[in-house]
Amino acid sequence: MLSARAAATAAAAAASPLWKRGEGGSSGSGSGCTSCREVRRRAAAVRVRAAAPRRVEAVAMESAAETEKEEVAAAGGGVEDMATEEVPVTPWAFSVASGYTLLRDPHHNKGLAFSEKERDAHYLRGLLPPAVVSQDLQVKKIMHNLRQYSVPLQRYMAMMDLQERNERLFYKLLIDNVEELLPVVYTPTVGEACQKYGSIFRQPQGLYVSLKDKGKVLDVLRNWPERNIQVIVVTDGERILGLGDLGCQGMGIPVGKLSLYTALGGVRPSACLPITIDVGTNNEQLLNDEFYIGLRQRRATGKEYHELMEEFMSAVKQIYGEKVLIQFEDFANHNAFDLLAKYSKSHLVFNDDIQGTASVVLAGLLSSLKVVGGTLAEHTYLFLGAGEAGTGIAELIALEISKQTKAPIEECRKKVWLLDSKGLIVNSRKESLQAFKKPWAHEHEPVTTLLDAVQSIKPTVLIGTSGVGKTFTKEVIEAMASFNERPVIFSLSNPTSHSECTAEEAYNWSQGRAVFASGSPFDPVEYNGKIHVPGQSNNAYIFPGFGLGVVISGAVRVHEDMLLAASETLADQATQENFEKGSIFPPFTNIRKISARIAASVAAKAYELGLATRLPQPRDLEKYAESCMYTPVYRSYR
Ligand SMILES: O=C([O-])CC(=O)C(=O)O
Ligand SMILES: [Mg+2]
């Protein structure tokens with residue numbers, strides 16, 4: 001069989017006016033080269049960049065419709081956007097991925113779903129048992145097998161194995177069973193996977209950039225086999241969920257986030273690049289763990305750290321251009337704010353823990369209002385935890401209040417109170433506060449405990465972003481329920497063991513009156529004969545659609561109004577039926593539709609703000625977003 005994705009691309013090239021005009025960026029070869037003519041003549045081909053050990057790109061001829069769809073998807077993230085840097089290699093060469101190699105290529109392998117004709121055409125006879133099965137039957141079988149595992153980490157490992165064996169089947173499984181599998185490939189199981197990543201490591205799933213690579217980061221990035229990258233998720237592993245410093249083993253997080261970019265947001269897998277920056281770890285246990293996969297040294301800080309980050313950020317721009325979205329994930333507070341502030345001026349950056357979490361929580365609050373009444377400005381907010389999530393959410397609430405009331409942002413911030421490990425953030429502490437906490441220092445006498453703060457501030461909304469489990473005690477929730485008919489309680493810290501309280505505790509201690517949401521998933525709870533389905537206020541609702549919107553509009557910067565647009569759109573997706581069940585979020589089963597809507601509103605805002613570069617603006621952005629979304633059904637290799 002003809003080899004890879006390039007074949008898809010090559011086939012698309014034949015049809016695309018862009019490519020025909022030779023405007024197709026790295027296609028380089030244009031339509032006139034002998035090889036391309038050969039591709040069209042044989043209606044299938046593979047291209048390989050011969051020099052570097054790039055993966056053989058195979059493509060068999062697909063149906064015209066399929067090819068066209070891929071082409072649109074590519075354009076959405078854009079054929080013409082492909083990196084154009086010159087790679088010092090010999091000219092394009094063509095080869096054929098077939099037989100045994102094809103079965104081991106996760107991007108094209110279909111396992112038993114290869115048809116009789118494909119088996120003949122691609123030298124697969126005898127390499128597979130005779131049965132030919134559908135993709136749906138494969139999904140059914142794997143779900144059956146997965147459910148045999150009682151240990152979540154075993155399910156995680158089985159899913160990772162599948163991703164490395166058969167990518168399309170992995171995504172089909174995830175999309176078709178999203179509610180069941182999200183907790184497996186993502187929070188909370190991914191947290192345990194990171195803790196044990198050294199022991200379970202089999203195949204690199206992303207790129208590692210370590211201090212050893214200083215001065216050579218560009219070369220490291222060039223080793224990645226894909227060129228047309230649209231989204232990078234990068235961590236330095238210092239604050240993985242609420243689990244702390246997991247060093248290089250934080251890689252599970254970018255890998256998991258990007259699986260969701262594809263499954264929930266429809267960004268093509270080949271356009272996603274997980275990266276871990278390894279500057280060491282201060283986690284003694286890992287430093288002494290013989291299976292640890294990272295640099296065995298304490299974390300570099302200051303100049304050494306920032307030089308590596310700077311080299312990395314420049315290299316990304318040099319290779320992938322300025323329209324690649326760089327999502328910062330799970331950096332510690334002390335770097336997260338600085339990196340976001342510094343690079344948001346020069347790069348397309350988004351911090352999921354500050355901005356993504358803020359956007360989903362604001363959506364949750366906007367839909368809570370439909371249950372508890374009042375406007376956003378009429379409520380009082382108290383946070384336990386004043387880090388990335390706490391201050392990020394607080395700021396987005398203040399921005400939305402300011403947008404709705406036209407009051408100055410400083411005034412709106414006064415509706416929001418934060419409590420950190422030293423107590424309530426008040427004016428008398430201002431001198432000693434870190435910069436990102438200062439806007440939240442209001443006039444109040446010092447208060448040290450959460451219970452005292454609740455009793456004194458009398459919030460209508462209590463939000464946990466502390467990273468510390470079990471901190472919403474019975475007394476705290478009872479206090480909230482004593483002066484609120486419907487107390488809004490969000491315990492957002494991840495994974496489950498770090499949640500400020502469980503769903504059951506929130507409902508039991510508030511006599512079933514809490515409007516509850518959590519960062520990690522909780523099962524439905526029965527209280528007094530009524531089933532409450534807790535909503536999951538996790539940034540997974542936002543970043544896949546947000547990223548898709550950025551990609552399809554060719555946005556060059558992230559603007560806070562784009563976050564507000566995402567929140568408002570998500571809030572509109574929760575229905576009366578969801579509210580009656582107790583959830584303020586729609587179920588994840590509808591997430592691809594929701595992501596397309598979020599993408600459309602984010603893209604619309606980018607156009608409005610003059611930040612979008614993909615022109616002309618598509619007339620129907622939601623339809624356009626949907627048409628750009630990757631679907632994992634098998635292609636036919638005829
Ligand atoms: O990964 C998640 O589930 C949410 C998140 O960003 C975090 O907790 O850091
Ligand atoms: Mg995170």
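Residues numbered from 1 in each chain as written. Chains lettered and ligands numbered in written order. Predicted model: local features only at pLDDT ≥ 70, side-chain atom pairs only at ≥ 80, totals over all residues. Heavy atoms only, no water.

**Some details on the side chain of Asn 109**
The following threshold applies: Helix and strand definitions follow DSSP, with helices as H or I runs of at least four residues and strands as E runs of at least two, each counted in order from the N terminus. Here a polar contact is taken to be a pair of N or O atoms separated by no more than 3.5 Å, where protein atoms must pair a possible hydrogen donor with a possible acceptor and residues adjacent in sequence count only if both atoms sit in side chains. Whether two residues touch is decided by their heavy atoms; if any such pair falls within 4.5 Å, the residues are in contact.
Within the secondary structure layout, Asn 109 lies in the loop between α5 (99-103) and α6 (116-121). A distance of 3.1 Å separates a polar atom in the side chain of Asn 109 from the backbone oxygen of Arg 165. Leaving out residues up to four positions away in the same chain, Asn 109 has contacts with Leu 102, Leu 103, Phe 114, Arg 165, Asn 166 and Tyr 634.

**Here's the deal with the sheet that holds strand β13 (residues 488-491)**
Put simply, the test is: A pair of strands is labelled paired if DSSP reports no fewer than 2 bridges between them. Each axis is a line fitted through C-alpha atoms, and for a helix only the stretch in contact is used; angles between axes span 0 to 180 degrees, taken between their N-to-C directions.
Taken in spatial order, the 7 strands line up as β11-β10-β9-β12-β13-β14-β17 in an open sheet, and their pairing is mixed. Each having just a single partner strand, β11 (423-424) and β17 (535-536) make up the two edges of the open sheet. Where strand β9 (residues 381-384) and strand β12 (residues 461-464) come together, 4 bridges link them in parallel fashion. Paired with Tyr 381 across the two strands is Val 461, which belongs to β12. Sitting on the sheet, helix α18 (residues 352-372) touches β9, β12, β13 and β14 (515-518), and the angle it makes with β13 is about 155°.

**Here we look at the domain arrangement of the protein chain**
You'll often see interface size given as the accessible area lost when the parts meet. This is how the line gets drawn: Domain segmentation is taken from an automatic or database assignment of domains. Note on definitions: buried area is the accessible-area loss of two parts on being combined, 1.4 Å probe, summed for both. Should a side-chain nitrogen of Lys or Arg be within 4 Å of a carboxyl oxygen of Asp or Glu, the pair is scored as a salt bridge.
The domain boundaries assigned to the protein chain delineate domain 1 (97-166), domain 2 (186-350), domain 3 (371-536) and domain 4 (539-626). At the junction of the two partners, domain 3 supplies 16 residues and domain 4 supplies 14 residues. Here domain 3 packs against domain 4, burying approximately 1,100 Å² in sum over the two surfaces, 62% of which is carbon and sulfur. Its largest share of buried area at the contact with domain 4, domain 3 owes to Leu 396, Val 533 and Gln 536, together 38% of the area lost on that side. At the boundary of domain 3 with domain 4, the tally comes to 1 salt bridge. In this structure, the connection of domain 3 to domain 4 is made through 4 residue pairs in polar contact (both at pLDDT 80 or more).

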